[in-house]
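Below, each chain spelled out in residue letters.
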Amino acid sequence: MAMTAVARETVFALRRQIAKIEGTLPERLAAPAAAPFNADANTDLTIVRRGIAAALPDAFLPIGVERLDAALSGGLPKAALSEIHGLETRDAGAVAGFALSLTSLILKQTPGLPVLWIGTSEIFREAGFPYARGLHASFGIEPEQLLFSEAPRLVDALWVAEEAARMTALAAVILEIRGNPQRLDLTATRRLHARAQAAGRPVFLLRQAAEPEPTAAPVRLIVASAPATPRDTIAGPLAGSIDRPAFILTIGKSRTALPGQFTLEWNPDERAFDERAGDEKRSEGRDRTKNPVPVVSLSGGGKGPAPASGAVLAFPAVGLPLSPAARDQPSRPQRAAHLGPRRAG
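What counts, and at which threshold
Residues numbered from 1 in each chain as written. Predicted model: local features only at pLDDT ≥ 70, side-chain atom pairs only at ≥ 80, totals over all residues. Heavy atoms only, no water. Helix = DSSP H or I, 4+ residues; strand = E, 2+ residues; numbered from the N terminus. Contact = heavy atoms within 4.5 Å. Areas by Shrake-Rupley, 256 points an atom, 1.4 Å probe, with all protein chains shown as cover. Buried < 20%, exposed > 50% of the residue type's maximum accessible area, 1.4 Å probe, protein only. pLDDT = per-residue confidence, 0-100. Salt bridge = Lys/Arg side-chain N within 4 Å of Asp/Glu carboxyl O. Pairing = 2+ DSSP bridges.

Caption draft 1: Inspection of the overall build of the chain at higher detail. On a plain count of helices and strands, the chain comes out with 10 helices and 15 strands. For the chain, contacts bridging at least 24 residues in sequence account for 69% of all contacts bridging at least 6. In the form shown here, the chain has an accessible surface area of approximately 21300 Å², with 58% of it arising from carbon and sulfur atoms.

Caption draft 2: Examining unusual backbone geometry more closely. Of note in this structure, Ser 73 is not a glycine but carries a positive phi near 60°. Along the chain, Ser 73 falls in the loop between helix H3 (66–71) and strand E4 (76–77). A positive phi angle, near 50°, is found at Ala 209, a position not held by glycine. Locating Ala 209 in the fold gives a position in the loop between strand E9 (203–208) and strand E10 (219–226). Its relative accessible area of 23% is what places Ala 209 among the partly exposed residues.

Caption draft 3: Representation of the confidence of the model for the chain. Scored by pLDDT, the chain comes out at a mean of 77, with 66% of its residues at no less than 70. Under a pLDDT of 50 for its full length, residues 24–53 has, in the predicted model, 44 contacts with residues more than four places off or in other chains.

Caption draft 4: Just the pattern of salt bridges, in detail. The final tally for this structure, using the stated rule, is 13 salt bridges. We note a salt bridge from Arg 220 to Glu 83, for which the minimum N-O separation is 3.6 Å. Of the two residues, Arg 220 is situated in strand E10 and Glu 83 in strand E5 (residues 81–86); the sequence distance between them amounts to 137 residues. Across the pair Arg 276 and Glu 265 runs a salt bridge, and its minimum N-O distance is 2.9 Å. Note that Arg 276 is positioned in the loop between strand E15 (272–275) and helix H9 (279–288) and Glu 265 in strand E14 (residues 261–267), a separation of 11 residues in sequence.

Caption draft 5: Representation of the environment of Gly 128 within the structure. Here Gly 128 is to be found in the loop between helix H5 (121–127) and helix H6 (132–139). The class for Gly 128 is partly exposed, based on a relative accessible area of 28%. The sequence separation of Gly 128 and Ala 92 amounts to 36 residues, and the corresponding C-alpha distance is 9.3 Å.

Caption draft 6: Highlighting the pairing of strand E6 (residues 115–120). Counted residue by residue, E6 has 6 buried out of 6 residues, so it is predominantly covered. Here E6 shows a buried face lined by Val 115, Trp 117 and Gly 119 and a second buried face lined by Leu 116, Ile 118 and Thr 120. Examined bridge by bridge, E6 and strand E7 (residues 146–151) share 6 bridges and lie parallel to one another. The partner of Val 115 across the bridge, within E7, is Leu 146. As judged from the 5 bridges shared by E6 and strand E8 (residues 172–178), these two strands associate in the parallel manner. Its bridge partner lying in E8, Val 115 is registered against Ala 172.

This is how it looks when you write it as structure tokens:
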């Protein structure tokens, strides 16, 4: 019994040290309250970490994929800082698309509130801005609901994000940063996380072409684009077509889940995520894309392929008669003006 108590105190001491590194608030690591847990109570609690803390289900944003939500103990925390990483620059579109998908899920719960997207001039020049028409068609977001703040320096972007994170008039705050700048350290992310908790609003930190490093965010998701599958029809998958956008999602860090990888597809019509089937089902789908109708064989009595054409001359040779095609060409005065050479000066 004494050994058990000593081991438990050792575990709590290690967790406190980890909390100092990750920026976890001390009360999150405290032992549960002395009051016994009543399973028959009307309050439905979700365990955040086994034996450590509990939270209401409304504290999470369910992604809509059963396995992923179960791995994250209910989804992404609403009142917290969450990291969304892209390991390479070419993943910027996938990272932004996944963030917009999460924004669409948030706006279902808080309709009418705007979302603020903050970024530096560098990242907006590199990755661009979301397309206004695509916002409504693919995510159901009205263009006036997505506000942008372009900051010339990272210190300015961090200041705007910290001030916006405390505002309850925003449905969410998105901060997009490129690389691993020195100013985006543990202290800066700790301030963002604390203000998101105080306001009860999510803050998404989009890190393009960045390496994972210690931050105060409870969850880090690594996003990359996944190959699209052929579009399903009544007769089966349509060969040569492209179906819904897909993401490869990897849980890089979570205080409630083990690392794992998922392939998600975004349904722009239902504004929801679906998990793609396994590799064996995808291989079956690829086999069905072949045309089952037999191809008609070549005619046996026809002539062979036409002989190769001769040399193509830009101008007829001197002394040779013009070909019929050349006679049909208009004379020089009849040519259109835009076909003539451009004169300089």
